[in-house]
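Structural overview
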Amino acid sequence: MLKTEARVVVIGGGAVGCSALYHLTRLGWTDVVLIERDELTAGSTWHAAGNCPNFSTSWCLLKLQQYSTQLYARLGEEVGADLTYHRTGSIRLAHSAERADEFRHVAAQARALGLDFELLLPEEIRARHPFLELDGIRLGLWDPDDGDIDPSQLTQALAKGARDHGAAIYRHTRVTGLRALAAGGWRVETNAGAIEAEYVINAAGYRGGEVAAMIGEYLPIVTLSHQYLVTEDIPALVARGSARLPLVRDPDVSYYLRQERHGLLLGPYESSARAHWTDGVPEEFAQQLFPDDLGRLEDYIAAACARVPILGSVGVKRVINGPIPYAPDGNPLMGPAGSAPSFFHCCAFTFGIVQAGGAGKLIAEWVVNGEPDWDVWPLDCRRYLKFADRRYALAKGLETYQNEYGVGYPQEERPAGRPARTSPLYETLKGQGAVFGARGGWERALYYREAGDPGGPECSFRRPHWQRAVGRECAAVAQGVALLELPGFTRFELSGSGAAAWLDHLIAGALPREGRATLAYGCSPRGGIVMEMTVTHLSGGRFWLLSAAAAERHDEEWLRRHYSSAYGPLGIANLTERFSTLVLAGPRARELLARLTDADLANAAFPWLGARTLEIAGAPVLALRVSYVGELGYELHVAMEHLAAVHARLVRAGRELELRPFGLYAVESLRLEKCYRSWKADLTTEYTPLAASLERFVRLDKAADFIGRAALRKAAAAGVPERFVPLLVEAHDADAAPVSIVYRGAHVVGLVTSGGYGYRLKRSIALAYVRTDLSTPGTELEVDILGERRRAVVGREPLYDPDNLRLRA
């Protein structure tokens, strides 16, 4: 009989759901329940190929998958269950120089985590896989801990481990409704009765969208079909007895190939991907497959047979063509629901078997501790805003599947589903030569192409062709005046007599005076950086909070979760879509702005970090004297209905001053020289403001007891083990990409969070967290860039204009 109460209800009995249940019990929460509409594994788990790679081009997923493989290696013995797990090792093949660069970058990350990744020459590949043909192969990447696991046995082992610690599992129990309780928590309605719970975790796999809809949320999930085939026994493998071949992945062709008993299992990610159930998942679809469709795979089968000829020596024994969920970027959707307290999502796992272990750990920590042990923004369901509708999810899901084995470049702007959000200036900027990228769904200019610029690939681990355009734009900012549009800044207005006191409770630093702006940081109870905002104190006790475009849902959920009327009347309004931002920067920025307004723009009247309302082209404009590029500059916040007129007026007035447009790639270069941090790149929940060298924005002794103060006081007393520093790197033709590893001799001593080339300084720059005893300016270190150790010297922050004279000019 179904329990009537539980602390947590997990919906979905695949590998991910059972892992969440298992990890909740390991954290001491044993009054937990899992509800599964059919049998355990009945969704995508039962038919999965079961591959377990550590490899990922995402640092977050690399750590997650490493945790999973380490857990699986001990799980069977720990819970007393049979668990078939072949750790055969794997070889990834590189046909191209770009793929080889990717392997070098990931291998360095893996080794920093203690994974023994190894780059192999062709002759070394053959020694580990005697049946591979190596024509056209540059090198291989060896992961000794890769392999495959039985998905059903894995799920049952996790379920047994949870049951043994008090968890309950109810099969053939369908969730029919979810209702938030007035006192907090949820009433979960099922065909077997109702159960009330403090927390709910949606681990329903490709049915995750159905469950989300029950609480009024939309999750951007599309169901695609993925096929693999299994051959008959191959005599050459029968002759090898119990010896197993390593798994082979040929990403430049887009397939994986591994041994399955005495045959081979081949699974391509084909270009003709197919979506299913765009109008909803059938009511009855469990432990079922789609009809075979091998015609889509013919070219991949032929390529694999040429690479491993024994594959073509026998027939096909069976074909598996089953449903697999995809979020737009192929990463899971995890974390708190944006609009429903104590409700968590943990679904849309494209690689659910290898990610189940780590996902269960993280979601259990999120529920029990309030946050996971490491920052998981690339997986956070709040990364998708309302632009990610069904059309977008379908287009992006198909694109991601087709590029599942694409090179993981540091920057790539894929076209499907775009443009999703545009400002009124989109066509105007396109006509000026803008090349766009999407940030939080908003199209923003990356750089401006001009006649005579060199062509070439847009993406590379090395400096690509557009560096010439970026250098030109940086020069315009540094020497004259330049203009950038940034639509989509997350923008909230706080109002009411309680706004100031409440905000003071949220941020670690001091509130700005009226007419002033400041950077502010919101922390978790453990002291990690949750939120970075520009706080502007407006008239009438109002505050504007500005943050990254992608942060809209994340920040709104955080603000509303901490909402309290105890400080007095308080209103929170989301103004994100009502305004855009024009950034005017350069030593002649004041001269240009003065042509458009009669306001006094002198330093005494409008100082650095000041805020004033100006009238431009007949429209009210909130001007902030701030700059993310390290030059005299203004952010002009303009209502969307006035944007085109204000922009046109700026452009006309700027012709005599040779006003130039600039884009995000120039901003990135310029902010590196100033050592300005970027949210979710340099600033994550894994680092406190103290570790981030942001003490100037922390007031441990202020009257308000802000969130995280106790943890920060403790950290300040103990001393932080690592600190944020700028590094000047002796690079060649490639700069340090994010998550490049920092060394001192043979020891890993730090991690790069941002890197690139500074055109004003004419130096390669990396921003990194390094061991505190090595953070003194002048300390010599090394950074691994594509397999080469490059000399790096700790610099003094900021590298450019250290006294901020240009900002304050």
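Structure's up top.
A few points on the structure. (Residues numbered from 1 in each chain as written. Predicted model: local features only at pLDDT ≥ 70, side-chain atom pairs only at ≥ 80, totals over all residues. Heavy atoms only, no water.)

**Comments concerning the overall build of the protein chain**
Counting its secondary structure elements, the protein chain contains 18 helices and 38 strands. Radius of gyration (C-alpha) of the protein chain: 27 Å, near the 28 Å computed for a compact globule of 809 residues. Each principal axis of the C-alpha atoms in the protein chain carries an extent, and together these give about 85 × 65 × 50 Å. Put simply, the protein chain has 809 residues, and 61% of those count as buried. Counting only carbon and sulfur atoms, one obtains 49% of the accessible surface of the protein chain, whose full area is about 29,700 Å². For the protein chain, the separation between the mean place of its 89 positive charges and that of its 96 negative charges on side chains is 4 Å. (Helix = DSSP H or I, 4+ residues; strand = E, 2+ residues; numbered from the N terminus. Rg over C-alpha atoms; globule rule 2.2 N^0.38 Å. Buried < 20%, exposed > 50% of the residue type's maximum accessible area, 1.4 Å probe, protein only. Areas by Shrake-Rupley, 256 points an atom, 1.4 Å probe, with all protein chains shown as cover. Lys, Arg positive; Asp, Glu negative; His and termini not counted. Charge placed at Lys NZ, Arg CZ, Asp CG, Glu CD.)

**With respect to the pattern of salt bridges**
Summed over the entire model, instances satisfying the criterion amount to 74 salt bridges. Note that Glu-284 and Arg-174 form a salt bridge whose closest N and O atoms lie 3.0 Å from each other. Separated by 110 residues along the polypeptide, Glu-284 in the loop between strand E16 (275–276) and helix H8 (298–307) and Arg-174 in the loop between strand E8 (168–170) and strand E9 (175–180) bring together distant segments of the chain. The class for Arg-174 is buried, based on a relative accessible area of 18%. Where salt bridges share partners, they join Arg-37, Asp-38, Arg-174, Glu-283 and Glu-284 into one cluster. (Salt bridge = Lys/Arg side-chain N within 4 Å of Asp/Glu carboxyl O.)

**Quick word on the environment of Pro-487**
As for its placement among the helices and strands, Pro-487 is situated in the loop between strand E22 (482–485) and strand E23 (490–495). For Pro-487, a relative accessible area of 0% gives the class buried. Not counting residues up to four positions away in its chain, the partners in contact with Pro-487 are Ser-423, Trp-442, Glu-443, Arg-444 and Ser-580. (Contact = heavy atoms within 4.5 Å.)

**Quick word on the side chain of Thr-155**
Its place among the elements puts Thr-155 in helix H5 (residues 151–164). The contacts of Thr-155, once residues within four sequence positions are left out, are Gly-13, Gly-14, Ala-15, Cys-18, Leu-40, Thr-41 and Thr-45.

**Focus on the state of the cysteines**
Any covalent bond linking the sulfur atoms of two cysteines counts as a disulfide. This structure, assessed with the given rule, holds zero disulfides. No disulfide involves Cys-381; its sulfur sits 8.0 Å from that of Cys-347, the nearest cysteine. (Disulfide = S-S within 2.5 Å.)

**Regarding the sheet that holds strand E25 (residues 529–537)**
Across the sheet, which stays open at both edges, the five strands sit in the order E24-E25-E26-E23-E27 with antiparallel pairing between neighbours. Either end of the sheet is taken by a strand with one partner, and the two such strands are strand E24 (517–523) and strand E27 (571–574). Ignoring which end each strand starts from, the neighbouring axes of this sheet average 30° apart. The sheet contact formed by E23 and strand E26 (residues 543–547) spans five bridges and is antiparallel. Counterpart to Glu-493 in the pairing with E26 is Trp-544. Along the sheet, helix H14 (residues 552–561) contacts E23, E24, E25, E26 and E27; its crossing angle with E25, the most-contacted strand, is approximately 85°. (Pairing = 2+ DSSP bridges. Axes fitted to C-alpha atoms, helices over the stretch in contact; angles between N-to-C directions.)

**Looking at the layout of surface pockets**
Each pocket or cavity is described by its volume, and for the second largest pocket that value is around 1,100 Å³. Taken together, 48 residues line the second largest pocket, and the ones lying closest to its centre are Pro-336, Ala-337, Arg-382, Glu-557 and Arg-561. Contributing elements (two or more residues each) for the lining of the second largest pocket: helix H9 (352–369) and H14. Considering every element that reaches the lining of the second largest pocket, the biggest residue donor is H14, with eight residues. Here the residues of the lining of the second largest pocket are counted per class, giving 22 nonpolar, ten polar and 16 charged. (1 Å grid on protein atoms, 1.4 Å probe; cavity = no way out; pocket = protein on both sides within 12 Å on 5 of 7 lines; lining within 4 Å. Points joined across faces, edges and corners; volume = space filled by probe spheres on them. Nonpolar A, V, L, I, M, F, W, Y, C, P; charged D, E, K, R; others polar.)

**Structural notes on the pairing of strand E29 (residues 611–616)**
The pairing of E29 with strand E30 (residues 619–624) spans six bridges and is antiparallel. In the strand pairing of E30, Thr-613 is matched with Leu-622.

**Some words on the packing of helix H12 (residues 467–479) against helix H17 (residues 664–674)**
Close contact between H12 and H17 brings their axes to 9 Å; oriented N to C, the two are set at 65°. The two elements H12 and H17 meet at a crossing, and its hand is right-handed. For the pair H12 and H17, the contacting residues are Val-470, Glu-473, Cys-474 and Val-477 in the first and Tyr-665, Ala-666, Ser-669 and Leu-670 in the second. Tallied by class, residues from the contact of H12 with H17 come to six nonpolar, one polar and one charged. (Left-handed = near helix turned anticlockwise from the far one by under 90°.)

**Quick notes on the packing of aromatic side chains**
Tallying each qualifying case throughout the model produces 28 aromatic pairs. With a centroid separation of 4.6 Å and an interplanar angle of 45°, the aromatic rings of Tyr-426 and Phe-436 are classed as tilted. Placement of Tyr-426 in helix H11 (residues 426–431) and of Phe-436 in strand E20 (residues 434–439) is noted, with a sequence separation of ten residues between them. The pair Tyr-426 / Phe-436 is uniform in exposure class, with both members buried. (Phe/Tyr/Trp six-rings, centres within 6.5 Å; stacked < 30°, edge-to-face > 60°.)

**Structural notes on H12**
An ideal rise of 1.5 Å per residue puts 18 Å on 13 residues; H12 measures up with 18 Å between its terminal C-alpha atoms. With respect to burial, H12 is a largely interior element, ten of its 13 residues being buried. Taken together, the buried positions of H12 are occupied by Gln-467, Ala-469, Val-470, Gly-471, Arg-472, Glu-473, Cys-474, Ala-476, Val-477 and Ala-478. The elements touched by buried residues of H12 are strand E21 (442–448), E22, strand E28 (579–585), strand E32 (660–661) and H17. (Expected span 1.5 Å × (residues − 1).)

**Re the environment of Leu-178**
Along the chain, the position of Leu-178 falls in strand E9. On a C-alpha basis, the gap between Leu-178 and Leu-21 in space is 19 Å, while along the polypeptide they are 157 residues apart. Excluding residues within four positions of it along the chain, Leu-178 makes contact with Ile-11, Trp-186, Arg-187, Val-188, Val-211, Met-214, Ile-215 and Phe-343.

**Here we look at the side chain of Arg-258**
Looking at the secondary structure, you find Arg-258 in strand E14 (residues 255–260). On the accessibility criterion, Arg-258 (5% relative accessible area) is buried. Here Ala-49 takes part through its backbone oxygen, which lies 2.6 Å from a polar atom of the side chain of Arg-258. Setting aside residues up to four positions removed in sequence, Arg-258 forms contacts with Ala-49, Asn-51, Asp-148, Arg-244, Leu-247, Gly-263, Leu-264 and Leu-265. (Polar contact = N/O pair within 3.5 Å; in protein donor to acceptor, adjacent residues only side chain to side chain.)

**Here's the deal with the nonpolar core**
Leu-75, Ile-201 and Met-334 are the most contacted members of the largest nonpolar core, which has 50 residues in total. Within the residue set of this core, elements represented by two or more residues are strand E1 (5–11), helix H1 (15–26), strand E2 (32–35), helix H2 (59–79), H5, strand E19 (343–347) and H9. Residue contributions to this core peak at nine residues, all from H9. Ignoring anything within four residues of it in the chain, the contact list for Met-334 reads His-345, Cys-346, Phe-349, Ala-359, Leu-362, Ile-363, Trp-366, Leu-379, Asp-380 and Cys-381. (Core = buried A, V, L, I, M, F, W, Y, C linked by side-chain atoms within 4.5 Å.)

**Concerning the packing of H2 against H5**
Interaxial distance between H2 and H5 falls to 10 Å at its minimum, and their mutual angle equals 55°. The orientation of H2 with respect to H5, classified from their angle, is oblique. Seen from above, H2 lies across H5 with left-handed handedness. Between H2 and H5, the residues in contact are Leu-71, Tyr-72, Leu-75 and Val-79 and Leu-154, Ala-157, Leu-158, Lys-160, Gly-161 and Asp-164, respectively. (Parallel < 35°, antiparallel > 145°, perpendicular 65-115°, else oblique.)

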